[in-house]
Amino acid sequence: MKVKWTMLGMVVFFLLSVVMTCCFIWQYRMPKLKTEVVVKKTTAEEMCPRFPEPVPLKHPITPLRVALEQVDVLLRSSIHTTRLPAISAIVVLNDSVLWNGNFGKKNISDPSSSAPNEYTVYRIASLSKIFPTLMLYKLWEDGLVDSLDDPLEKYADNFTIKNPQGTIRGAASSSARTLSGRSPALTLRRMASQLSGLPRRLRSTNLLWSGDTQAALNLLQDDVLVADPGTKCHYSNVAFSLLANILAQKVTGTNFESWVSDNILERLSMEDTGFNLTPAIQRQMAVGVYSNGQPTPLYNLGWYRPAGQMYSTAADMAKLMMALLGVYSGTLLRQDTLNTMLTPVFRCHSGYFANSTGTPWEINEQFGYDVVRKDGDLDGYAATLSLVPRLKLGLVVLMAGVRPADQDLVRRAYNYLIPAVENAFRDAQRTLRQPPDPAPYIGFFTYRNMTFYEIKVDSDKVLVMQQFGPQVDTAVPSKYRTIRLDYLQDRVFRVVFESPYPCKLKVNSASVSLEAQDRQLFNFYPFNKKGVSPGFDSPGLNTYRVTRIAGRPYFAS
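Residues numbered from 1 in each chain as written. Predicted model: local features only at pLDDT ≥ 70, side-chain atom pairs only at ≥ 80, totals over all residues. Heavy atoms only, no water.

The name given to the protein in an unreviewed UniProt entry is Lactamase, beta-like 1a, and the organism recorded there is Lates calcarifer. Within the UniProt record for the protein, the comment given under Sequence similarities (unreviewed entry) is "Belongs to the beta-lactamase family." (UniProt positions renumbered as here; feature names shortened; annotations may be inferred.)

Quick look at the structure:
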């Protein structure tokens, strides 16, 4: 009996061994999960300045020429004999026209028609909205409008509109006029930046409506805001026509078109820009067409004229771009006012056609830069005026025909232009200004007897400041302890680091922001009886009373 049980046990053990061996082999031959190896990526050192300073350039610049040739090919290849027969475009940089391109024919119905040029007239459609906005900013700058955030009702006593989405202390508001100071108001700035909540058009009207402003206000009394003011980007032609007509009538005492002609067009010598399509203007025009090639009628937009009636040329639009960039000889607005006008106002929802809205701009980012643009489309014509304010760069494209639906010509053009212009500015030799007499600034200075500096003159007669003393960390390269001072005006200098430089410089366990120091101002004190400045402040660095000392101090080891 024992032998039988022993034999049975041996058989079971053998079978169990076979099964386990098979399992082992099966497990061994299974595809193995790859072990994830975590590799710590070394982050490339970020170099500054992130945005180069627009400086005078010495042409020709080969990469810039190549970029302009690519823009030329892009626009030339976009011409279509039926649906887009004519394009005129201009690129400006600082105060100069960098490139001018004209393609196609002015009139495809005429076999002998010539090509367009920079003086060919096109309807500019919604680019017209730039002009009510300029009017608002000019009246504000001149003190005739108290605030960009004045409510519309301050200038239109009988304005009212239903606002069922507005709230006052949690209760629905019946009218935009009753909004309290704690609730969003229908302000002038919001009207100019597609944040008014006003409908796109007045009820029961189209763009050819020929009523007046009082009739428009009457229609609005029984209409509704599509959004609470200031809460949503919503395109409105009503807002711009209302803004233009009310400001003209209530603030200037004239009509809008006369004011624009006297205060903008004449001032900028925009001789081929206006509102009335006279026979003389029509002879200068590229003929607008529908997508089937049929010529379009030249509609008169009636009360909506401020929002889309105007015509212009590429040459005149170049003057306007330079004025908006603050580099045109005929100054239109102060630089601080222009900065406000070109600043994004509101981040739009994902369904809107731009990332942000401005006054009156659609704003998108490209290569880290805000591209500020205004598009316009009207039967037979399309137009875009666009700016990259940080680069003092502008591009206008005027089209007779239908804007291509399969590509954004302006965005594609900037794919070429922005990198080329940015690199040209980065590679440009910066010429720093020397003070009339460097002697009052030369010498030794200290900040609270902790850090010490010497200011001297380099071979170009430009002031150079170098740190010395026991607080100097030798781990910091010498060139980052030496800065140059660009003379701006009486006793005021700007700090300039040699570009490129690390945005943040690691010093032992700490980091120092060179980016925060670059371009800061040094304001030297008035000269004393010896004819030298006793010290300086740097308000942007929150550093005050950097004082002059008699000579280089001796430091005990």
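Undergrad: Tell me about the overall build of the protein, and name the residues and values.
TA: Helix and strand content of the protein: 13 helices and 24 strands. Scored against the burial criterion, the 557 residues of the protein give a buried share of 48%. (Helix = DSSP H or I, 4+ residues; strand = E, 2+ residues; numbered from the N terminus. Buried < 20%, exposed > 50% of the residue type's maximum accessible area, 1.4 Å probe, protein only.)

Undergrad: Pulling in residues and values, what's your account of the side chain of Thr133?
TA: In this structure, Thr133 sits in helix H3 (residues 130-141). Polar side-chain contacts of Thr133 include one of 2.9 Å to the backbone oxygen of Lys129. (Polar contact = N/O pair within 3.5 Å; in protein donor to acceptor, adjacent residues only side chain to side chain.)

Undergrad: Describe the state of the cysteines, naming the residues involved and giving the relevant values.
TA: Going through the model one piece at a time under the given rule, you end up with 2 disulfides. Sulfur-sulfur distance for the disulfide between Cys48 and Cys503 comes to 2.0 Å. Disulfide Cys48 to Cys503: torsion about the S-S bond roughly 100 degrees, handedness right-handed. Highlighted residues: Cys48 in strand S1 (residues 47-48) and Cys503 in the loop between strand S19 (501-502) and strand S20 (504-507), separated in sequence by 455 residues. (Disulfide = S-S within 2.5 Å.)

Undergrad: Which residues make up the sheet that holds strand S22 (residues 521-524), and what values do they have?
TA: The antiparallel closed barrel is built from 8 strands, whose spatial order is S14-S15-S16-S17-S18-S22-S23-S24. On average, adjacent strands in this sheet sit at an angle of 30 degrees to one another, irrespective of strand direction. Looking at chain direction, S22 and strand S23 (residues 535-538) are connected through 2 bridges and run antiparallel. Looking at the pairing, Phe524 lines up with Phe536 of S23. (Pairing = 2+ DSSP bridges. Axes fitted to C-alpha atoms, helices over the stretch in contact; angles between N-to-C directions.)

Undergrad: Which residues make up the sheet that holds strand S11 (residues 369-378), and what are the values?
TA: One key point about sheets: their strands pair by backbone hydrogen bonds, in either a parallel or an antiparallel sense. The 8 strands are arranged S3-S2-S13-S12-S11-S10-S9-S8 in an open sheet whose pairing can be described as antiparallel. Bordering the open sheet on either side are strand S3 (96-104) and strand S8 (346-347), each of which pairs with just one other strand. Where strand S2 (residues 86-93) meets S3, 8 bridges bridge the pair, whose relative direction is antiparallel. Paired with Ile90 across the bridge in S3 is Asn100. Taken strand by strand, helix H12 (residues 409-427) contacts S2, strand S10 (362-366), S11, strand S12 (381-388) and strand S13 (393-400), and its axis lies near 155 degrees from that of S13. (Contact = heavy atoms within 4.5 Å.)

Undergrad: How would you summarise helix H10 (residues 314-324) if you had to cite specific residues and measurements?
TA: Most of H10 is tucked away, with 10 of its 11 residues classed as buried. Those residues of H10 lying buried are Ala314, Ala315, Asp316, Met317, Ala318, Leu320, Met321, Met322, Ala323 and Leu324. One or two positions beyond H10, positive phi appears at Gly326, with a value near 80 degrees.

Undergrad: How would you explain the packing of helix H5 (residues 213-220) against helix H6 (residues 237-252) if you had to name every residue and give the values?
TA: Angle between the axes and distance between the axes are the two parameters that describe a pair of packed helices. Taken N-terminus to C-terminus, the directions of H5 and H6 make an angle of 130 degrees; their axes are 10 Å apart at the nearest point. Taken together, H5 and H6 sit at an angle that is classed as oblique. The interaxial crossing formed by H5 with H6 has left-handed handedness. Where H5 abuts H6, its residues Thr213, Leu217 and Leu220 lie against Val238, Leu242, Asn245, Ile246 and Gln249. Of the residues assigned to the contact of H5 with H6, the class counts are 5 nonpolar, 3 polar and no charged. (Parallel < 35°, antiparallel > 145°, perpendicular 65-115°, else oblique. Left-handed = near helix turned anticlockwise from the far one by under 90°. Nonpolar A, V, L, I, M, F, W, Y, C, P; charged D, E, K, R; others polar.)

Undergrad: Explain H5 to me, using residue names and the numbers behind them.
TA: Listed in full, the buried residues belonging to H5 are Thr213, Ala216, Leu217 and Leu220. For H5, the arc enclosing every buried residue in end-on projection is 100 degrees, short of the 170-degree limit, so these residues lie on one face. The opening residue of H5, the one whose side-chain oxygen lies 3.3 Å from the backbone nitrogen of Gln214, is Asp212. (Arc of directions from axis to C-beta.)

Undergrad: Give me the lowdown on the packing of aromatic side chains, citing residues and values where you can.
TA: Enumeration according to the criterion identifies 22 aromatic pairs in this entry. Relative to Phe468, the ring of Phe452 has its centre 6.1 Å away and its plane inclined at 40 degrees; by these criteria the two rings are tilted. Linking Phe452 in strand S15 (residues 451-457) with Phe468 in strand S16 (residues 463-468), this pair joins segments that are 16 residues apart in sequence. The class for Phe468 is buried, based on a relative accessible area of 10%. When the ring centre of Phe240 is taken as reference, the NZ or CZ atom of Lys129 above it lies at 5.9 Å. In this arrangement the basic side chain of Arg552 is found over the ring face of Phe468, its NZ or CZ atom lying 4.3 Å from the centre. (Phe/Tyr/Trp six-rings, centres within 6.5 Å; stacked < 30°, edge-to-face > 60°. Lys NZ or Arg CZ within 6 Å of the ring centre and 35° of its normal.)

Undergrad: I'd like to hear about the environment of Gln366, residue by residue, with values.
TA: Along the polypeptide, Gln366 turns up in strand S10. Taking C-alpha positions, Gln366 is 9.5 Å from Val388, a pair spaced 22 residues apart along the chain. When residues no more than four places from it in sequence are discounted, the contact partners of Gln366 are Val371, Arg411, Tyr414, Asn415 and Ile418. A distance of 2.8 Å separates the side chain of Gln366 from the backbone oxygen of Arg411, its partner in a polar contact.

Undergrad: So what's going on with the nonpolar core? Which residues, and what values?
TA: Formed by 87 residues in total, the largest nonpolar core has its most connected members in Phe131, Leu134, Leu198, Leu320 and Leu385. Those residues within four positions of Leu134 in sequence are excluded, and the remaining contacts are Ile264, Leu320, Leu324, Leu332, Leu333 and Met341. Leu84, Ala89, Trp99 and Met399 belong to the second-largest nonpolar core, a separate cluster that totals 36 residues. (Core = buried A, V, L, I, M, F, W, Y, C linked by side-chain atoms within 4.5 Å.)

Undergrad: Hey, could you go over the pattern of salt bridges for me, with residue numbers and the actual values?
TA: Evaluation of the coordinates by the stated rule reveals 28 salt bridges. When the shortest N-O distance is used, the salt bridge between Asp490 and Arg491 registers 3.7 Å. In the salt-bridge network here, residues are joined through shared partners; they are Glu53, Arg430, Arg433, Asp486 and Arg494. (Salt bridge = Lys/Arg side-chain N within 4 Å of Asp/Glu carboxyl O.)

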